[in-house]
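Listed below are the residues making up each chain.
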Amino acid sequence: IAWEAQQVTVVDIHKLHSAAQMFVVGVLLKRLMEQKEAQGTSRPLLFVVLDELNKYAPARGEASKSPILEQVLDISERGRSFGIVLFSAQQFLSAVHPRVTGNAATKVLGRTDSVELSDSVYRFLDPDIKMHLTRLEKGELILSHPIYRQPVKVNFPKPPFRQGRVRT
């Protein structure tokens, strides 16, 4: 993997069968960690974006279904010290392995159902914030990070072409 070139590389696996997706993701994560360990430095930083993380690092009894769980856990637990930053997305935080969510300093949450919010993985949120999460509008997110005393609401404005006619 030529990550030294400091370019964006996208590996699109959406057309692959589920087992092939697991294989590709597992090989990439393993090679990234091996190369960064051999290099012995955290620079340059590498950013890995995984969508549907619950598929690769499922929680609880589902964990036996992921042949690459160990690679994902390794990246989430030791990756930062080697300069590998994991960004992930999933519909339900409760469906992701607790060792992965426990190592995530920053969490960005969108509108979430109250049943999901009752899971213990959301214990870092006050009841008022949980209630607010059930009523977020499109483009509104809650950002939680240890440097902030309280979660912060973030608004993504509609793109200009969706905002309607500009009046002068």
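Residues numbered from 1 in each chain as written. Predicted model: local features only at pLDDT ≥ 70, side-chain atom pairs only at ≥ 80, totals over all residues. Heavy atoms only, no water.

Colleague: Help me understand the overall build of the protein chain in this model?
Modeller: Helix and strand counts for the protein chain come out as 6 helices and 5 strands. Across the protein chain, helices and strands are ordered from the amino to the carboxyl terminus as α-β-α-α-β-α-β-α-α-β-β. Among the 168 residues that make up the protein chain, the fraction classed as buried is 30%. Partitioning the intrachain contacts of the protein chain with sequence separation of at least 6 by distance along the chain shows that 60% fall at a separation of at least 24. Put simply, the protein chain shows about 11,600 Å² of open surface, and 54% of that area lies on carbon and sulfur atoms. (Helix = DSSP H or I, 4+ residues; strand = E, 2+ residues; numbered from the N terminus. Buried < 20%, exposed > 50% of the residue type's maximum accessible area, 1.4 Å probe, protein only. Contact = heavy atoms within 4.5 Å. Areas by Shrake-Rupley, 256 points an atom, 1.4 Å probe, with all protein chains shown as cover.)

Colleague: Would you mind going over the nonpolar core with me for this structure?
Modeller: In a soluble, globular protein the nonpolar side chains are often hidden away together inside. Of all hydrophobic cores here, the largest spans 21 residues; its most connected members are Y56 and V72. Those elements giving two or more residues to this core turn out to be helix 1 (18-39), strand 1 (46-51), helix 2 (53-56) and helix 3 (69-78). When residues in this core are grouped by element, the largest group, 5 residues, is from helix 1. (Core = buried A, V, L, I, M, F, W, Y, C linked by side-chain atoms within 4.5 Å.)

Colleague: Just to check I follow, could you spell out a nonpolar patch on the surface for this structure?
Modeller: Taken together, the side chains of L45, F47, V49 and F87 present a nonpolar region at the surface, about 420 Å² in accessible area. Topologically, F87 is positioned in strand 2 (residues 84-89). (Patch = residues over 30% accessible without salt bridge, like charges linked within 9 Å, V, L, I, M, F, W, Y side chains within 5 Å. Salt bridge = Lys/Arg side-chain N within 4 Å of Asp/Glu carboxyl O.)

Colleague: What is the right way to look at the packing of helix 1 against helix 3 in this model?
Modeller: The axes of two packed helices give the description: the angle between them and the distance between them. Packing of helix 1 against helix 3 leaves a shortest axis separation of 9 Å and a crossing angle of 40°. In terms of orientation, helix 1 and helix 3 fall into the oblique class. With respect to the hand of their crossing, helix 1 and helix 3 are arranged in left-handed fashion. Only Q71, V72, D74, I75 and R78 of helix 3 make contact with helix 1, whose side of the interface consists of G26, L29, K30, M33 and E37. Its residues assigned to classes, the contact of helix 1 with helix 3 comprises 4 nonpolar, 2 polar and 4 charged. (Axes fitted to C-alpha atoms, helices over the stretch in contact; angles between N-to-C directions. Parallel < 35°, antiparallel > 145°, perpendicular 65-115°, else oblique. Left-handed = near helix turned anticlockwise from the far one by under 90°. Nonpolar A, V, L, I, M, F, W, Y, C, P; charged D, E, K, R; others polar.)

Colleague: Whenever I open this one, the pairing of strand 4 (residues 140-144) confuses me. Can you help?
Modeller: The side chains of a regular strand alternate between both faces of the sheet. Side chains of strand 4 alternate between two faces, with E140, I142 and S144 buried and L141 and L143 left unburied. As judged from the 3 bridges shared by strand 3 (residues 107-109) and strand 4, these two strands associate in the antiparallel manner. When the bridges of strand 4 are listed, K107 appears paired with S144. In the sheet, strand 4 pairs with strand 5 (residues 152-155) via 4 bridges, with the strands oriented antiparallel. Counterpart to E140 in the pairing with strand 5 is N155. (Pairing = 2+ DSSP bridges.)

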